[in-house]
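Secondary and tertiary structure notes
These are the residues of each chain, in order.
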Amino acid sequence: MSETLLPRVPRHELSEGQRMAWDALNALTGTPTFVDVFANAPELLDFAMVQFYQKIFFDGRVGEKHKQLARLRLSMNHGCRTCNMQNLVGVANIGYSQEQIDAMWRQDYSGFSEDEQAVMELADEIALNNDHGKLTPELYAKLKRHFSDEDILELGLCLAVIVGLVKLSFAFGLVE
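Below: a short report on this structure. (Residues numbered from 1 in each chain as written. Predicted model: local features only at pLDDT ≥ 70, side-chain atom pairs only at ≥ 80, totals over all residues. Heavy atoms only, no water.)

Attention now moves to the environment of Asn26. Structurally, Asn26 can be placed in helix H1 (residues 16-29). Dropping the residues within four chain positions of it, Asn26 is found in contact with Thr31 and Pro32. (Helix = DSSP H or I, 4+ residues; strand = E, 2+ residues; numbered from the N terminus. Contact = heavy atoms within 4.5 Å.)

Let us now look at the nonpolar core. Ranked by internal contacts, the top residues of the largest apolar core, which has 39 residues, are Phe34, Val35, Phe52, Leu74, Leu143, Phe147 and Ile162. Elements supplying a minimum of two residues to this core: H1, helix H2 (33-38), helix H3 (42-58), helix H4 (64-78), helix H7 (114-126), helix H8 (137-144) and helix H9 (149-171). In terms of residues, this core owes the most to one element, H9, which gives 9 residues. If near-sequence neighbours (up to four positions away) are discounted, Leu143 is found in contact with Ala118, Val119, Leu122, Leu135 and Ile152. With 10 residues, the next largest nonpolar core counts Leu69, Tyr96, Ile101 and Met120 among its residues. (Core = buried A, V, L, I, M, F, W, Y, C linked by side-chain atoms within 4.5 Å. Buried < 20%, exposed > 50% of the residue type's maximum accessible area, 1.4 Å probe, protein only.)

Okay, H3 next. A rise of 1.5 Å per residue sets the reference length of H3, with its 17 residues, at 24 Å; its end C-alpha atoms lie only 21 Å apart and thus fall more than 12% short of the reference. At Phe52, H3 shows its largest kink, close to 35°. Within the span of H3, buried status applies to Leu45, Ala48, Phe52, Tyr53 and Phe57. Check the buried side of H3 and you find it contacts H1, H2, H4 and H9. (Expected span 1.5 Å × (residues − 1). Bend = angle between axes of the 7 residues up to and from the residue.)

Keep in mind that these numbers describe shape and distance, not what the molecule does.
Structure follows, in structure tokens:
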């Protein structure tokens, strides 16, 4: 279980929507600490789970496939067990094979399409552990072959929010 100094809201005190988020996270990871803690500030939990994940990550202009792939690549980079558990399920549920997932661990993108490769390369640049990450002209050109500038901005925003949430989760002891 995660070690946090922040108080947890017991599941039975959560609203129906919060219990649904708690149940989903608990089923995926066995560690619903993020929901337990953020239920202290319901508007912030709503921002993360509804405004960001539901409206932008899952329902934005860029397909979920690309975002799931990029999110897994981020968690592979920063090594969060809780994140990897849920992100592995996410990519498996949308059709990626175990062989492809294993190749991602090795940073071997050869078994992926060009658009998927570009998205994973972007994730590698934005990753928490890449202090010098940058959208280079070469990477921008790869992304631009498959995505509009608006799409590229959405991908970047999604990755940046996830990286920020991960940093917060590490600092506040919300994940293992």
